[in-house]
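# Architecture at a glance
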Amino acid sequence: MDTAERPPEPQPQGEPPQPPQPQPPLQPPTGPPPPASASVPAARRRWGRTAALIVSAAVIGLVGGTATGYKIQADRPPTPLPALSQPGLAYPAKPLPKGQEPAPLSAADDRRVKTDGDLRKLLLPRPKGAKDISDVVGDDGWADLPTYALWFEDEDWMFESLAKDGLRRVAGTGWSKGHRTAYVRLVQFRSGSYLGASEHASSQRSYMLDDDHAGNVGSVLKGTGEGRYYVFDEPEREAGYLPLYKARAIFHRGDVMVDIWVYDSKRITKNDIRTLAERQLERL
């Protein structure tokens, strides 16, 4: 390999670079500084006075125009307001004679009359040939707050929650026929700004989708806003016992929440639980 020094590569043609030129040294200013008034040009001072005159003229014009407008409006005659759309109020000219007041709503038209009465009368009747087990729900068909809270896994939390939400009373019934057992509860809350029945129903529906409960979203119960009925996907199994199939319906009407459970050793159809829920809804 030739180790001789390579000749320099040819440079492109053009103007050769110029060496840098030395900069003149910075000279200190000489002579006295100019007066302060000399630092502002005369043209700028004239423009400042012109701008002030323009702004003053605009303000005067605005004030004058506003005053003229008020003067024109004040000189105009008043415009009468349009007449009311209705000829008169719908109140009677004088009170009705005593004894001719409108009759109160019947129980068929006023649901409050029903629910303020004996809730037990609104419960579904037992099927023919069924055994009454309503004592499991409560004494004489009534269940107080502690008794109702015992039906839930976390009874302490449920007791506090229901007391805070204004639980009023619980009426229930139950029956058994063959291998099938059913329980119906009407859970009533006090009237107020808090919708206890609606919230309690929504809380119970919230976990039904879990695998250890129904395992599905259920079906909408017609005639209710958010009511649903469920048939559990899998039965509860335990060694030495028949499988336990379950179904449930949850809805509310006014201040009453309805909770229906059905148990059987055989499969429960959607029609079975839906029919019970629809019949109970009609009674409310």
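Fair warning: this is a prediction, and the values are worked out from it, not measured in the lab.

## Observations concerning the packing of aromatic side chains
Counted according to the given criterion, the structure contains five aromatic pairs. Centre to centre, the rings of tyrosine 148 and phenylalanine 152 are 5.2 Å apart; their planes meet at 80°, and the pair counts as edge-to-face. No difference in accessibility class separates tyrosine 148 from phenylalanine 152, as the two residues are buried. One aromatic cluster is present, formed by Trp151, Tyr183, Phe232, Trp261 and Tyr263 through successive ring pairs.

## With respect to helix α4 (residues 155-165)
Since there are 3.6 residues in each turn of an α-helix, residues three or four apart along the chain are aligned in direction. Considered for burial, the residues of α4 that qualify are Met158, Ser161, Leu162 and Asp165. Seen end-on, α4 carries its buried residues on one side only, within an arc spanning 95°. Exposed and oriented more than 90 degrees from the buried face of α4 are Asp156, Glu160 and Lys164. Where α4 is buried, its residues contact α3 (145-149), β3 (167-177), β4 (180-189) and α5 (196-205). Phi turns positive one or two residues past the end of α4, at glycine 166, with a value near 90°.

## Describing the confidence of the model for the chain
Put simply, the chain has an average pLDDT of 79, and 64% of its residues get 70 or more. No element of the chain has a lower mean pLDDT than helix α2 (residues 111-115), which averages 59, and none a higher one than strand β6 (residues 228-231), which averages 98. pLDDT under 50 marks residues 1-40. Its contacts with residues more than four places away, or in other chains, come to two contacts.

The rules behind each value
- Residues numbered from 1 in each chain as written.
- Predicted model: local features only at pLDDT ≥ 70, side-chain atom pairs only at ≥ 80, totals over all residues.
- Heavy atoms only, no water.
- Phe/Tyr/Trp six-rings, centres within 6.5 Å; stacked < 30°, edge-to-face > 60°.
- Buried < 20%, exposed > 50% of the residue type's maximum accessible area, 1.4 Å probe, protein only.
- Helix = DSSP H or I, 4+ residues; strand = E, 2+ residues; numbered from the N terminus.
- Arc of directions from axis to C-beta.
- Contact = heavy atoms within 4.5 Å.
- pLDDT = per-residue confidence, 0-100.

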